[in-house]
Amino acid sequence: MEAKNQTITTEFLLLGLSEDPELQPLIFGIFLSMYLVTVLGNLLIILAIISDSHLHTPMYFFLSNLSFTDICFSSTTVPKMLVNILRQSRAITYSGCLTQLCFVLVFAGLENFLLAAMAYDRFIAICHPLRYTVIMNSRLCVLLTLFSLLISTVDALLHCLMVLHLSFCADLEIPHFFCELDQVIKLACSDTLLNNILVYVVTSMLGGIPLLGIIFSYFKIVSSVLRMPSTEGKYKAFSTCGSHLSVVSLFYGTVFGVYISSALTDTSRKTAVASVMYTVVPQMLNPFIYSLRSRDMKEVLKKLSGHLTF
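Residues numbered from 1 in each chain as written. Predicted model: local features only at pLDDT ≥ 70, side-chain atom pairs only at ≥ 80, totals over all residues. Heavy atoms only, no water.

Trainee: Requested: an account of the overall build of the chain, with residues and values cited.
Mentor: Scanning the chain from N- to C-terminus turns up 12 helices and 3 strands. Looking at the chain as a whole, 49% of its 310 residues qualify as buried. Carbon and sulfur atoms make up 68% of the accessible area of the chain, which totals about 16,400 Å². (Helix = DSSP H or I, 4+ residues; strand = E, 2+ residues; numbered from the N terminus. Buried < 20%, exposed > 50% of the residue type's maximum accessible area, 1.4 Å probe, protein only. Areas by Shrake-Rupley, 256 points an atom, 1.4 Å probe, with all protein chains shown as cover.)

Structure follows, in structure tokens:
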């Protein structure tokens, strides 16, 4: 059975967003543009933070890591889709599919934890301003980032090892533009009970705990800000959280939107279209959100653009 399984499971077919050949050039153009904007925008954010010493703070340290994660997240899914459109092929090898699945889980989990770390940073800055530099030291920032990467990697490897034990016999068509864990598990012709339990348990823990941490942080932030006597102080405090809160709302809003749409719709293709909203769109918009809402970032980007133009 194992030999048969290894012979048959040589590749999967990524059906993409549409099978209409007339739409392929349009899809290619849209996703290529979105990918280039994502990479260039996030690289510009990273370059701005590195080049200006005023931005060498915990908040911008986490932002640079978030930008790097966004580039990696998009690079895991979009280039393969673009290559398949150019080659007029839907194939992805078995090992390639597992690799893509693993990296998607790593970077999705890392983004989740980084958003929680950024919320904790804002909580300390507003609720404990006098102790901010002591608590949010460089050692803690690095440890939080490494811990986030470690947990995300262990989670991804655990899921991939569980998928390796599954048997795939026929109908290896994934109605998606990348190898999503849920879709790959559905293709298995062996028992997937343990895989499904693992998905629900781990997703609830690794997704729920950071989200609860973000909610708790902002509950404390709002309570602290409302006790401030001056309106100017309240506005300044809220303005420092505006960019992060926008990014959090965009990321979790799109994720929940995908899960709701997948529960309500009976077609996997519609779910694939909805998945674009959390695998591509937030990563593209994050640089714009921070560059437009952060005064410090605006000033640095203006200086940087002036040097680049020169």
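The structure having been displayed, the exposition proceeds.
Trainee: Pulling in residues and values, what's your account of the sheet that holds strand S2 (residues 91–93)?
Mentor: In spatial order, the strands read S2-S1-S3; together these 3 strands make up an open sheet with mixed pairing. Taken across any chain shown, the strands that pair with only one partner, and hence form the sheet edges, are S2 and strand S3 (173–174). With 3 bridges connecting them, strand S1 (residues 11–14) and S2 associate as antiparallel partners. Note that in S2 the partner of Glu11 across the bridge is Thr93. (Pairing = 2+ DSSP bridges.)

Trainee: Quick one: what's the story with helix H4 (residues 94–127), residue by residue and with numbers?
Mentor: Along an α-helix, residues three or four positions apart point the same way, because every turn accommodates 3.6 residues. Look at H4: 50 Å from first C-alpha to last across 34 residues, which is about the 50 Å you get at 1.5 Å a residue. For H4, a buried count of 27 out of 34 residues is recorded, marking the element as mostly surrounded by other parts of the structure. (Expected span 1.5 Å × (residues − 1).)

Trainee: Explain a positive patch on the surface to me, using residue names and the numbers behind them.
Mentor: Together, Lys236, Arg295, Lys298 and Lys302 give the surface a local cluster of positive charge. Per element, the largest residue contribution to the positive patch is 3 residues, and it comes from helix H12 (residues 295–309). Tracing the chain through its elements places Lys298 in helix H12. (Patch = residues over 30% accessible without salt bridge, like charges linked within 9 Å, V, L, I, M, F, W, Y side chains within 5 Å. Salt bridge = Lys/Arg side-chain N within 4 Å of Asp/Glu carboxyl O. Lys, Arg positive; Asp, Glu negative; His and termini not counted. Charge placed at Lys NZ, Arg CZ, Asp CG, Glu CD.)

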